[in-house]
Amino acid sequence: MMNDEVNETESRLCRSIMRCSSTRLSPPASGLRRAFTLLEIILALAILAAGIAILGEAVRAGYRNAADAQQITLAELHASSKMAEITSGIQSPAPVQGAPLEVDPAWLYSIELAPLELEGVAAVRVTVYANLPAAQQPASFSLVRWIPDPGFEIPEPVEEEPPAEDSSSASAGGDAR
């Protein structure tokens, strides 16, 4: 009896599987295949175009930032060179405004000399900037160093006379060791 029940359950299960599989594998009643709709294709193309536009903008911003970094680095190099000329004595630290660099006339430099509270020391500021209109936001770099003040003169030491010895203090006293 148990065998009959198992056989009957198996046959019911097989029939239900056959029904389910036959309905899933059969083509639609109209005979057409399932495909992408025009709306899905347009949506996919719009997403692709937006992704390409965003990537293009990121690449453009990267190039712009790289060019700005290159200009700032060049300004820093020119400022360091001009400061080295001043500290080594090749050029005086006299104030200058908007003078072209000898090595690259496309760059201008300014020198400012400011005395500090500390006597005999001055702050030298060298600013280098590209010779471009302000609307183009030219790169610039400033460098400040403290140097001995070129206008400061060291005062001559005043020689002091030794104090006159008092005769009473020398005889009154005892042993000086």
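The paragraphs below set out a description of the structure included in this document.

The rules behind these values
- Residues numbered from 1 in each chain as written.
- Predicted model: local features only at pLDDT ≥ 70, side-chain atom pairs only at ≥ 80, totals over all residues.
- Heavy atoms only, no water.
- Helix = DSSP H or I, 4+ residues; strand = E, 2+ residues; numbered from the N terminus.
- Buried < 20%, exposed > 50% of the residue type's maximum accessible area, 1.4 Å probe, protein only.
- Contact = heavy atoms within 4.5 Å.
- Areas by Shrake-Rupley, 256 points an atom, 1.4 Å probe, with all protein chains shown as cover.
- Core = buried A, V, L, I, M, F, W, Y, C linked by side-chain atoms within 4.5 Å.

## So, the overall build of the chain
In terms of regular secondary structure, the chain is built from three helices and four strands. Secondary structure elements of the chain, listed N to C terminal, follow the sequence α-α-β-β-β-β-α. Here the chain holds 177 residues, and the buried ones make up 16% of them. Counted over contacts in the chain with a minimum sequence separation of 6, partners at least 24 positions apart contribute 39%. When the accessible surface of the chain is totalled, it reaches about 14600 Å², and 61% of it is carbon and sulfur.

## Quick word on the nonpolar core
Ranked by size, the top nonpolar core spans 16 residues in total, and within it Ile-86, Trp-107, Tyr-109, Ile-111, Val-124, Val-126 and Val-128 carry the most contacts. Only helix H2 (38-88), strand E2 (107-115), strand E3 (121-130) and strand E4 (140-148) provide two or more residues apiece to this core. Apart from the residues within four sequence positions on either side, Ile-111 is in contact with Ile-86, Gln-91, Pro-93, Ala-94, Pro-95, Val-96, Gln-97, Val-124, Arg-125 and Val-126.

## Structural notes on the environment of Pro-138
Among the secondary structure elements, Pro-138 is positioned in the loop between E3 and E4. It is 9.2 Å that separates the C-alpha atoms of Pro-138 and Ile-72, two residues lying 66 residues apart in sequence. Each residue touching Pro-138, except ones within four places of it in the same chain, is listed here: Ala-130, Leu-132 and Pro-133.

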